[in-house]
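So the chains spell out like this:
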Amino acid sequence: MCLVIFVWENRFHVKQSSNSFDVIVVGGGHAGIEAALAVSRMGKTCCVLTLDKLAVGRMSCNPAIGGIAKGQMVREIDALGGIMGLAADRSGLQFKILNRTKGKAVWSPRAQVDKRTYEQYVNAHLYSSNSIKIIVGEAVSLQIKNNSVGGVLLRGGEKIFARAVVLTCGTFLNGLVHIGERKIVAGRMGERGAKGITEFLVSLGFSSGRLKTGTPPRLVAQSINWKKTNIALGDKKPTPFSYRTREFNPPNIPCYTTQTNTACHNHIKKDLSLSPMFSGDVSGVGPRYCPSIEDKIHRFPRRDSHMLFLEPEWTDSNQIYTNGFSTSLPEKTQLRALRSLQGLEKVEFFRPGYAIEYDFFPPAQLKSSLESKFISGLFFAGQINGTSGYEEAAAQGLIAGANSVNFLSNKDPLLLGRNEAYIGVLIDDLVTKDTLEPYRMFTSRAEYRILMRYSNAGDRLAKKALEYGLITNEEFEQVCNFFDFSKTVVQNLKLTLLPEEINPALFRLGEKPILQNTPAKDILKRPAVNINHMPSRLLNIKSVNNFSSFFTDEMLLEAEVIIKYDGYIKRQHKQINQLKKLEHKVIPVDFDYLKISSLSKESREKLSFVRPETLGQAFRVSGVTPADVSVLSVYLSR
């Protein structure tokens, strides 16, 4: 059968009439891109099915990559061979390390990016791949036989065949846009939604739900009085995301800030009943940790103001993203509220803010590999799993794409533990906990965050990435060179310092001088002392080859963290070792929880729905107590 649908210019060295691939990826957002590129890197062919050829790789919301905990995930994506970090480095307008007032273990990189350049860079990689083909069409159902996926059916009746399918549908499944009382059926503003997949999966027995997310107004730059706003620059010495970045000299293009005020809040309070979230028009639950401006004012009535960031969407952009003002209020209300703020008295809109509600599938229906527990070869990634954010979507897409190939090759899936990566925390939370609202990653969600620093992502994950074919030997060796340098510095810091070497620095810091030879690491553990106070003979900088100063600085920082956090690191490793028995105790797929009368009723219901793969997962299921886990352990031992 010849596939007759519109195909973008055939640059892929795959015959246009071909309708059979190793993997089909449904959706061309951040999750779909990372999934397709992972499949390609692992040597398989892939079709990316999209509703709009021009929307592939689009940054549909904020013009930024990274942030608190998200920056760590971007580093992890990069260590696993993903493209997000490289694209951010290439398109960045300003870079900043967040959380600097806190411990170095939770420092998080973030970049404002040029959305157009980002999209072009990602697309260039997709379109130059010999094993990826972009097809325009709408999937309405899957081809299923003997509980195994065999391909997808398009709205026009055409079929595309593959033994593995990755669903990365974003907000497009029965998407509904809200602007006040106005409703638009769409996947995103200006883009049509998708109908059929939800209904088909529900007919197979899958559970689905509704969630909501929102976006703020886009402002006309010339209508803003910039003199009344405050400038917000990035770091003077920026830090890249990708270990593969060689040349890095980004601009430091400013963002600006302004504050909401009482007048603004009064406009919003007056029209709260016109917001779909407050009128009851929206059934989906919104993200608690990224609330709309209506939510902020309603939930924090004593706050007189909230910070807004005015962010350019690309270089010399006339379109400004109003970060902090996500809303679904009527357009007139949005405009009145914003015009009451400093610098925005005459502001005009390119586009008002809006909310969108969409279908998702509670991810407790998935294995840790992101494969469905019910349909073999079917994987889910991104907002379809109830997450919020580019980084969360990209991370899932990479893991789902890699595991679709592992499934085809009959290899063990790529699984990341909660102690190995923020990505591991993300997926474990998704498959074991209730998804009552869009999931967003935070450092506080990771109990082993001291071990999972942004600065050691390569050391944690590069070996596993090489093992699964996600990076090349050359890329692996490059990452190893970085961390070999850092480890050498750590060893050097165990050497002793003479009083005359370090006391001048200690006097300048107001620190007590040493009177005898002392190990450098003992001095570095003092809170006021940092790695730059150490004598150069210990830092081994002359031995650095083939990597730039920004990674030299970062690897020195990594050495400092290893020394300063030594006690905490050892403690967390001890905790991990104590829990290993739980993580490795497998629960049979057909285990009958309902027959164990000594389990609480809630636990029996939750465990029967989630069907955890290990005793460790069972321990983390919402509503399951330590006593329940002890009971399970006894039954599994019999």
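Bear in mind the structure is a predicted one, so any value in this text is a computation, not a measurement. (Residues numbered from 1 in each chain as written. Predicted model: local features only at pLDDT ≥ 70, side-chain atom pairs only at ≥ 80, totals over all residues. Heavy atoms only, no water.)

## Topic: the sheet that holds strand 5 (residues 108–113)
Taken together, the three strands give an open sheet; going across it, the order is 3-5-4, and neighbouring strands pair in antiparallel fashion. Among the strands making up the open sheet, the edge pair consists of strand 3 (64–66) and strand 4 (92–98). Here the strands of the sheet are splayed against their neighbours by 20° on average, with no regard to which way each runs. Sheet topology places strand 4 next to strand 5; six bridges connect them, and they run antiparallel. Each residue of the ladder has a partner; that of Phe95, found in strand 5, is Ala111. (Pairing = 2+ DSSP bridges. Helix = DSSP H or I, 4+ residues; strand = E, 2+ residues; numbered from the N terminus. Axes fitted to C-alpha atoms, helices over the stretch in contact; angles between N-to-C directions.)

## Quick word on the layout of surface pockets
Roughly 720 Å³ of volume is contained in the second largest pocket. If you trace the second largest pocket, you find 28 residues lining it, with Leu416, Gly417, Arg418, Glu583 and Arg620 closest to the centre. For the lining of the second largest pocket, the per-class residue count stands at 12 nonpolar, eight polar and eight charged. (1 Å grid on protein atoms, 1.4 Å probe; cavity = no way out; pocket = protein on both sides within 12 Å on 5 of 7 lines; lining within 4 Å. Points joined across faces, edges and corners; volume = space filled by probe spheres on them. Nonpolar A, V, L, I, M, F, W, Y, C, P; charged D, E, K, R; others polar.)

## Here we look at the pattern of salt bridges
This model, assessed by the stated rule, comprises 35 salt bridges. A salt bridge links Arg336 to Asp271; the nearest nitrogen and oxygen atoms lie 2.9 Å apart. Residue Arg336 is located in helix 9 (residues 331–338), and its partner Asp271 is located in the loop between helix 6 (262–270) and helix 7 (276–279); the two are separated by 65 residues in the primary sequence. Residue Arg336 is classed as partly exposed on the basis of its relative accessible area of 37%. One salt-bridge network, in which partners are shared between bridges, spans Arg418, Asp428, Asp429, Lys433, Glu447, Glu583 and Arg620. (Salt bridge = Lys/Arg side-chain N within 4 Å of Asp/Glu carboxyl O. Buried < 20%, exposed > 50% of the residue type's maximum accessible area, 1.4 Å probe, protein only.)

## Side note on the sheet that holds strand 7 (residues 139–145)
Think of a sheet as strands paired side by side through backbone hydrogen bonds, with each pair either parallel or antiparallel. Taken in spatial order, the three strands of this open sheet run 7-8-9, and their pairing is antiparallel. Two strands close off the open sheet at either side, each with one partner strand: strand 7 and strand 9 (159–161). Neighbouring strand axes in the sheet, compared pairwise and without regard to direction, differ in orientation by 30° on average. In the sheet, strand 8 (residues 148–154) pairs with strand 9 via three bridges, with the strands oriented antiparallel. Within the sheet, the bridge partner assigned to Gly151 lies in strand 9 and is Phe161.

## Regarding the nonpolar core
Nonpolar side chains in soluble globular proteins generally cluster together in the buried interior. The biggest cluster of nonpolar side chains holds 145 residues, and the ones touching the most others in it are Ile65, Val152, Leu167, Leu201, Ile423 and Leu470. Of the residues forming this core, the biggest block, 10 residues, is contributed by helix 10 (residues 390–408). Setting aside its immediate chain neighbours within four residues, Val152 contacts Ile24, Val26, Leu49, Ala139, Ser141, Leu142, Gln143, Glu158, Lys159, Ile160 and Val165. Core analysis: the second largest hydrophobic core is formed by 20 residues, Ala221, Ile268, Leu272 and Leu329 among them. (Core = buried A, V, L, I, M, F, W, Y, C linked by side-chain atoms within 4.5 Å. Contact = heavy atoms within 4.5 Å.)

## Some details on empty space enclosed by the protein
It is the rolling of a water-molecule-sized probe over the atoms that shows where space remains empty. The final tally for this structure, using the stated rule, is four cavities of 30 Å³ or more. Approximately 50 Å³ is the volume attributed to the largest cavity. Around the largest cavity sit Asp78, Ala79, Tyr243, Arg244, Ile471, Glu475 and Val479, which together line it. At the level of elements, helix 2 (70–79) and helix 13 (473–492) are the ones that each hand at least two residues to the lining of the largest cavity. For the lining of the largest cavity, a count of residues per class yields four nonpolar, no polar and three charged.

## As for the packing of aromatic side chains
Under the criterion given, the structure shown has 14 aromatic pairs. Pairing Phe95 with Phe241 gives two aromatic rings, centres 6.3 Å apart and planes at 55°, and the pair type is tilted. With Phe95 in strand 4 and Phe241 in the loop between strand 15 (230–232) and strand 16 (255–259), this pair connects stretches of sequence that are 146 residues apart. The pair Phe95 / Phe241 is uniform in exposure class, with both members buried. Between the aromatic rings of Phe206 and Phe374, the centroid separation amounts to 5.2 Å while the plane-to-plane angle is 70°, which identifies the pairing as edge-to-face. With Phe206 in the loop between helix 5 (197–203) and strand 13 (209–215) and Phe374 in the loop between strand 20 (354–360) and strand 21 (378–380), the pair connects residues that are 168 residues apart, well separated along the chain. For Phe374, a relative accessible area of 41% puts it in the partly exposed group. Taking the ring centre of Tyr243 as reference, the NZ or CZ of Arg75 above it sits at 5.2 Å. One cation-aromatic arrangement involves Arg116 over Trp314; the distance from NZ or CZ to the ring centre is 3.8 Å. (Phe/Tyr/Trp six-rings, centres within 6.5 Å; stacked < 30°, edge-to-face > 60°. Lys NZ or Arg CZ within 6 Å of the ring centre and 35° of its normal.)

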